[in-house]
Amino acid sequence: MVRCAYRTYAADFWRVSHVSSQVCNLLCRPRRCASKSRSKCRCRRRDAPQLPALTETYKYLHRNPELSHHEEKTSAFLAGELRKLGYTVNEHVGKYQDGTQAFGVVAVLENGAGPRLLIRTDMDALPVEEKTGLDYASTVRSTNQQGQDVGVMHACGHDIHMTVLLGMAHEMAAGKDKWHGTLILIGQPSEETIDGARAMLADRLYERFGRPDFVLSEHDDSTNAAGSIALKGGPLLASSTGIDVVMRGIGAHGSAPQAGKDPILMAAEFVVLAQTIVSRQIDPQQPAVLTVGMIHGGAKRNIIPEEVTMGLTLRTYSDKVRDQIIAAIRRTADGIATGYDVPANRMPIVTVSQTEITPATYNDPALAERLRKVAVATLGEGHVAPADSVMGSEDVGLFSLDGKIPAVMFRLGAADPAKLTQARETGVPLPGPHSPLFAPVYGPTITTGVTAMTAMALDLLK
């Protein structure tokens, strides 16, 4: 282990751990290799440090988030940076089901015959008003799909993901003597609405740019310490299904509820009863989560409205369980409406989204084990943990074509180690993805992400 100029730019990392000479070589470019053996030296002996530039990139992206389907400036920035590194870049790759063009980015670097590796980052942000108080916090506001004025924040760390991809892209372009094959970098739009990967594939992604032999990605994580990663084979993330439930009633004056059928009351009952579907109708050995995350109805205090719309998200690992829960949602909604004697032509409408839907994310076991060994050799055994399966969802798995292409996503630790230890002791979790307080410890997170991703790419492109 060595100390290097890196600590000048990210002293906090040294409170996480000492790093290997390879990390120093990748991110700091010391004038002289820290390795005792020149034959084992992996640095390229250039002076320009990456981390300060990547820090500025990260802060720029964090300050300028864009919502799903609207990543115009973000995609242009990512494409421009990749062009500077010598990649052949195509923009506006992707076509949504409504026929609109997506802001997908595809950057290709060919380096002779060999394997084809696809590495993906997502680009979109969330309709969340940031409350971190950081000097680089987002103050951006926009209009969401419902026409509401909302704050916009990279509350899921896609700014970290893009920064890591750019750092790794720099390493691979600079070290073409260390690998051969084709590197395909994807800037994917609309991960948060889980229709971006599908849109890119629908735009003939593989027919236009070639089918990869491997797919690799990462996601930052507040349950692992900055300076570490977590990785496992098998199921990693649940499937996600977006569902809309419209409780329809009969409008009336608020002072005369007997003259109408109140959809707000019916919606309130539905929200409560929906929570019994998983707890009382599904095998407890089968993981499932059903959340009502959106409810809209009414325009004035003294008017009983005609309808109330609710937005639900369903997470499962099993298609059978998914179908069971959807059927139960329909029964529950209909049962409530029947209890209130709602006319047949005003019964609830349950719609399963055909765009906001994605399968479970599955890590190819053999590839995961191969990359785990690479990570251990690069970061050290103590900085590579087994990942847990969680109920969060991703659409990156679509790039694997139902498992026909080996794919792996690893978790990139982003939490302050001391705060994480305290959180585990107290049982109070740290703010994580989708929280307005989510604030990754960016220095060691970016460093570790670039180092791990580069090492994995070099191993796969032998």
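Preceding block: the structure.
Residues numbered from 1 in each chain as written. Predicted model: local features only at pLDDT ≥ 70, side-chain atom pairs only at ≥ 80, totals over all residues. Heavy atoms only, no water.

Draft legend 1. Representation of the nonpolar core in the model. L82, Y87, I119, L183 and L185 are the most contacted members of the largest nonpolar core, which totals 52 residues. If we ignore the near neighbours within four places in the chain, the residues touching L82 are Y87, V89, V105, A107, L165, L166, A169 and L185. Counting 27 residues, the second largest nonpolar core, distinct from the first, contains V245, I282, A288 and L290. (Core = buried A, V, L, I, M, F, W, Y, C linked by side-chain atoms within 4.5 Å. Buried < 20%, exposed > 50% of the residue type's maximum accessible area, 1.4 Å probe, protein only. Contact = heavy atoms within 4.5 Å.)

Draft legend 2. Structural detail: the packing of aromatic side chains. Taken as a whole, this structure holds 4 aromatic pairs when the rule is applied. For the pair Y58 and Y136, a centre-to-centre distance of 5.8 Å together with 70° between the ring planes defines the contact as edge-to-face. Linking Y58 in helix α4 (residues 51-63) with Y136 in the loop between β3 (116-122) and β4 (141-143), this pair joins segments that are 78 residues apart in sequence. Of the two residues examined, Y58 and Y136, each falls in the buried class. We classify Y136 as buried; its relative accessible area is 4%. (Phe/Tyr/Trp six-rings, centres within 6.5 Å; stacked < 30°, edge-to-face > 60°. Helix = DSSP H or I, 4+ residues; strand = E, 2+ residues; numbered from the N terminus.)

Draft legend 3. Layout of the pattern of salt bridges. Inspection of every chain in the model, using the stated rule, returns 14 salt bridges. Residue R141 is joined to E129 by a salt bridge in which the shortest nitrogen-to-oxygen separation is 3.7 Å. Within this pair, whereas R141 is found in strand β4, its partner E129 is found in the loop between β3 and β4, the two being separated by 12 residues in sequence. Using a relative accessible area of 48% as the deciding quantity, one classes E129 as partly exposed. Connected via shared salt-bridge partners are R120, D122, E394 and D395. (Salt bridge = Lys/Arg side-chain N within 4 Å of Asp/Glu carboxyl O.)

Draft legend 4. Focus on the packing of helix α9 (residues 263-281) against helix α10 (residues 319-339). For the pair α9 and α10, interaxial distance at closest approach is 10 Å and the crossing angle is 145°. At the point where α9 passes α10, the crossing takes the right-handed sense. Contacts from M266, E269, F270, L273, I277, V278 and Q281 in α9 reach I325, A328, I329, R331, T332, A333, I336 and A337 in α10. Here the contact of α9 with α10 is built from residues that sort into 11 nonpolar, 2 polar and 2 charged. (Axes fitted to C-alpha atoms, helices over the stretch in contact; angles between N-to-C directions. Left-handed = near helix turned anticlockwise from the far one by under 90°. Nonpolar A, V, L, I, M, F, W, Y, C, P; charged D, E, K, R; others polar.)

Draft legend 5. Region of the structure containing α10. Between its first and last C-alpha, α10 extends 30 Å over 21 residues, near the 30 Å set by a 1.5 Å rise per residue. When we look at burial in α10, the residues that qualify are V321, R322, I325, I326, A328, I329, T332, A333, I336 and A337. End-on, the buried residues of α10 take up no more than an arc of 165°, which puts them together on one face. For α10, the exposed residues set more than 90 degrees away from the buried face come down to D319, K320, R331, T338 and G339. Tucked inside the fold, the buried residues of α10 contact β10 (239-248), α9, β12 (288-297), β14 (307-316) and β15 (349-358). Sitting at the head of α10, S318 places a side-chain oxygen 3.2 Å from the backbone nitrogen of K320. D341 lies just past α10 and shows a positive phi near 60°. (Expected span 1.5 Å × (residues − 1). Arc of directions from axis to C-beta. Polar contact = N/O pair within 3.5 Å; in protein donor to acceptor, adjacent residues only side chain to side chain.)

Draft legend 6. Just the packing of helix α11 (residues 365-379) against helix α13 (residues 442-460), in detail. Relative to each other, α11 and α13 sit at 125°, their axes nearing to 9 Å. It follows from the interaxial angle that α11 and α13 lie oblique. The crossing of α11 and α13 is right-handed. Contacts between α11 and α13 involve L367, R370, L371, V374, A375, T378 and L379 from the first element and T448, T451, A452, A455, M456, D459 and L460 from the second. Its residues placed into classes, the contact of α11 with α13 shows 9 nonpolar, 3 polar and 2 charged. (Parallel < 35°, antiparallel > 145°, perpendicular 65-115°, else oblique.)

Draft legend 7. Structural detail: the environment of Q101. One can find Q101 in strand β2 (residues 101-111). By relative accessible area, Q101 is classed as partly exposed at 35%. A polar atom in the side chain of Q101 sits 3.0 Å from the backbone oxygen of G94. A polar contact of 2.7 Å, which involves the side chain of Q101, links it to the side chain of K95.

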